[in-house]
Amino acid sequence: MFSTRYEPVQHVRSKSFSKGHRSGKSTSSFSKEAGISKRRPESQSGRRRAGTISNANASHSNFDNSPISAIVTLVVGQEQRVFAAHEHVLSTSPFFLNILQNQMFDSQTKKISLPDEEPEIFSSVLEYLYKGDYFPRLVHNKKRNSWEMEQLTDEARHDATIYHHTVDGELLKDTVIYCAAEKYGLDELKRVSLRKQGLQSGIQASIILSSARYAYAHTPDTDSKLRAHYLALIIRCRSTFKKSGTMQLEMLNGGTQLFFDLFVAMCNHVDDLSSAASTPRTPRSGGRF
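Residues numbered from 1 in each chain as written. Predicted model: local features only at pLDDT ≥ 70, side-chain atom pairs only at ≥ 80, totals over all residues. Heavy atoms only, no water.

An unreviewed UniProt entry annotates the protein chain as BTB domain-containing protein originating from Podospora bellae-mahoneyi.

Here it is, written out as structure tokens:
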């Protein structure tokens, strides 16, 4: 049973870590010595602060003390974009550890093919493996005791959505990153991407529904985070979704567990409201309510 009390959700954009790929005004490429040869200007990405996710994850700082390992080439997506990463960094993912240990790749060229992955998504995953977060980063606001996205200049704008070839349309980028983290066995990346989704607003209902369907198709039935997030989001914004033609079309098309789970969650929500309304109020001292 799903409850209706979940955390909200948000979205973001990172720059590529592929070799020679140009994205916007700058190119981020891989360096065999340091992982990334070109860093974003500090005016765009900001310096790492004590409250950022990257500094909070000590395991990534340990890479600085790790011996330099072999370079692995990764060919990603239908465009066959080329990425490169150190073997010991990739090995922190159970998915890649299995490939490397069992030599499930071209041993001579050390090349791994990921034809179904979106290059921009893999770029964010690779950035996380090196830095413990991906652009734009999460920053903890100590005064409010809450997480926020780092402040960006106009030149460092990011998109909350990404085109995905499997749906031939836009999806919430953090949702796709969460599903990639599920595939690669990166639980902390799942938590980071889910938290970022909770900070997002102003997304079209059609994109939310497409992203929810994608989430259901790429997470196990045991997932209690991302799926629950979408159920809570739809219920919270039900006045919008009940008027949505896309919502009606999605329900008619069916083919997903999403709408049954949504029905159960809404029933639980109604039961909670009914229970709260029928519970007698306890009078305060002196007989007053």
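**Quick look at unusual backbone geometry**
A negative phi holds for most residues other than glycine; trans holds for most peptide bonds. Omega for the bond connecting Phe 135 with Pro 136 falls within 30 degrees of zero, at -10 degrees, which places this linkage in the cis form. Relative to the helices and strands, Pro 136 resides in the loop between helix 6 (119–131) and strand 4 (138–141). Positive phi, close to 55 degrees, is recorded for Asp 168, a residue that is not glycine. For Asp 168, the location among the structural elements is in the loop between strand 6 (161–164) and strand 7 (169–172). Overall, the relative accessible area of 58% leaves Asp 168 in the exposed class. (Helix = DSSP H or I, 4+ residues; strand = E, 2+ residues; numbered from the N terminus. Buried < 20%, exposed > 50% of the residue type's maximum accessible area, 1.4 Å probe, protein only.)

**Comments concerning the packing of aromatic side chains**
Applying the stated criterion to the full structure yields seven aromatic pairs. When the centroid spacing of 6.4 Å and the interplanar angle of 80 degrees are considered together, the rings of Phe 122 and Tyr 184 count as edge-to-face. Taken together, the residues Phe 122 in helix 6 and Tyr 184 in helix 7 (residues 173–184) connect sequence positions 62 residues apart. The class of Tyr 184 is buried, set by a relative accessible area of 0%. Among the aromatic residues, ring-to-ring pairing joins Phe 83, Phe 95, Phe 96, Phe 122 and Tyr 184 into one connected group. Note that Lys 196 overlies the ring of Tyr 134, its terminal NZ or CZ placed 3.5 Å from the centroid. (Phe/Tyr/Trp six-rings, centres within 6.5 Å; stacked < 30°, edge-to-face > 60°. Lys NZ or Arg CZ within 6 Å of the ring centre and 35° of its normal.)

**Remarks on the nonpolar core**
By size, the foremost hydrophobic cluster in this structure holds 57 residues, and its most contacted members are Leu 74, Leu 90, Phe 96, Ile 112 and Phe 122. Broken down by element, the residue count for this core peaks at eight residues, all from helix 9 (residues 205–217). Beyond its immediate stretch of four places on either side in the chain, Phe 96 contacts Leu 74, Leu 90, Ile 112, Leu 114, Phe 122 and Tyr 184. (Core = buried A, V, L, I, M, F, W, Y, C linked by side-chain atoms within 4.5 Å. Contact = heavy atoms within 4.5 Å.)

**Comments concerning the sheet that holds strand 3 (residues 111–114)**
Taken in spatial order, the three strands of this open sheet run 2-1-3, and their pairing is mixed. Two strands bound the open sheet, and with one partner strand each, they are strand 2 (81–86) and strand 3. Strand-to-strand twist of the sheet, defined as the mean angle between neighbouring strand axes without regard to direction, takes the value 25 degrees. Of the pairings in the sheet, the one linking strand 1 (residues 71–76) to strand 2 comprises six bridges and is antiparallel in character. Across the sheet, the residue bridging to Leu 74 is Phe 83, located in strand 2. The sheet strands contacting helix 5 (residues 94–101) are strand 1 and strand 3, and the helix crosses strand 3 at an angle near 135 degrees. Helix 6 contacts strand 1, strand 2 and strand 3 of the sheet and is inclined by roughly 10 degrees relative to strand 2. (Pairing = 2+ DSSP bridges. Axes fitted to C-alpha atoms, helices over the stretch in contact; angles between N-to-C directions.)

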